[in-house]
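# Residue-level structural notes
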Amino acid sequence: MATGVKTDFRFHDSISIAPIITIRYIIPMQRKRPGGKRPPGSKSHRAAKYSDPGARTNVKTEEDLFAILDHLSEDPFLLVLDGIHDPHNLGACLRSADAAGVHAVIAPKDRAVSITETVRAVARGAAESVPFVQVTNLARTIKDLQKEGIWFVGTDDEASQTLYDIELTGPLAMVVGSEGKGVRRLTAEYCDFLVRIPMAGKVECLNASVAAGVCLFEAVRQRSLKRSR
């Protein structure tokens, strides 16, 4: 597994698309980490008592996150939002996450929007159904989740690989950056893969919530195909 030198972590850029693609190779994720992969349903040493999933507020702690993972009977599917500030974008991301079957959305506590009435209105129920995990140190949380066997795929407009070149099955966390600035440098350095979304038109970037939806549903497509085989 190789990653290139990353110099610009904004989530937008315009790229050219070749008119004809004859062969495309999907790059598989290597499934082994030091310490091994934690099987679905096995217990994490970080887990605490799981908060009531039916509570009105679905804002969770990092300890809640590991408890959520311990209750899963399938591979984890997570969305990481690295510094979303617009409540409309957060609400739309939660709505897409709910539709895609994401088990939790992770975001930093500081310099990012939390759950507000605007977020709830835009999410149309997803703010109550999808666990929203706020963490103090996002990079540390990524490292801890990697030890649990979860792979992180971040968005980067300078990436050599596209979203459609990477295998998105298995334990997975998609990472989307903030409006304008994209994924932060340190967050990107901790990602296992960096990918870009091909842009064929004249616009330079996608809205953060739209980009999250594109990434999530490509993962859904791949995971559904794998289950049907």
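In this report, the structure presented in the accompanying data block is examined.

## Quick look at the packing of helix H2 (residues 87-100) against helix H7 (residues 208-228)
Running from N to C, H2 and H7 cross one another at 10 degrees; their axes reach a closest spacing of 8 Å. By the criterion of interaxial angle, the relationship of H2 to H7 is roughly parallel. Here Asn89, Ala92, Cys93, Ser96, Ala97, Ala99 and Ala100 of H2 come into contact with H7, specifically with Ala208, Ser209, Ala212, Gly213, Leu216, Phe217 and Val220. Grouping the constituent residues of the contact of H2 with H7 by class yields 10 nonpolar, 4 polar and no charged.

## Observations concerning the packing of helix H1 (residues 62-70) against helix H5 (residues 138-147)
The geometry of H1 relative to H5 is characterised by a closest axis approach of 12 Å and an angle of 20 degrees between their N-to-C directions. When the interaxial angle is binned, H1 and H5 end up roughly parallel. In this structure, H1 meets H5 at a crossing whose hand is right-handed. Contact with H1, carried on its side by Glu62, Leu65, Phe66 and Leu69, involves Arg140, Thr141, Asp144 and Leu145 of H5 and no other residues of that element. Considered class by class, the residues forming the contact of H1 with H5 number 4 nonpolar, 1 polar and 3 charged.

## Some remarks on the pattern of salt bridges
Enumeration over the complete set of coordinates arrives at 5 salt bridges. Between Arg184 and Asp82 there is a salt bridge; the shortest N-O distance is 2.8 Å. With a gap of 102 residues between them, Arg184 in the loop between strand S7 (172-177) and helix H6 (185-190) and Asp82 in strand S2 (residues 77-82) connect regions that are remote in the sequence. On the basis of relative accessibility, which here comes to 45%, the residue Arg184 falls in the partly exposed class. A residue is classified by how much of its surface remains accessible, and Asp82, at 1% relative accessible area, is buried.

Criteria and thresholds
- Residues numbered from 1 in each chain as written.
- Predicted model: local features only at pLDDT ≥ 70, side-chain atom pairs only at ≥ 80, totals over all residues.
- Heavy atoms only, no water.
- Axes fitted to C-alpha atoms, helices over the stretch in contact; angles between N-to-C directions.
- Helix = DSSP H or I, 4+ residues; strand = E, 2+ residues; numbered from the N terminus.
- Parallel < 35°, antiparallel > 145°, perpendicular 65-115°, else oblique.
- Contact = heavy atoms within 4.5 Å.
- Nonpolar A, V, L, I, M, F, W, Y, C, P; charged D, E, K, R; others polar.
- Left-handed = near helix turned anticlockwise from the far one by under 90°.
- Salt bridge = Lys/Arg side-chain N within 4 Å of Asp/Glu carboxyl O.
- Buried < 20%, exposed > 50% of the residue type's maximum accessible area, 1.4 Å probe, protein only.

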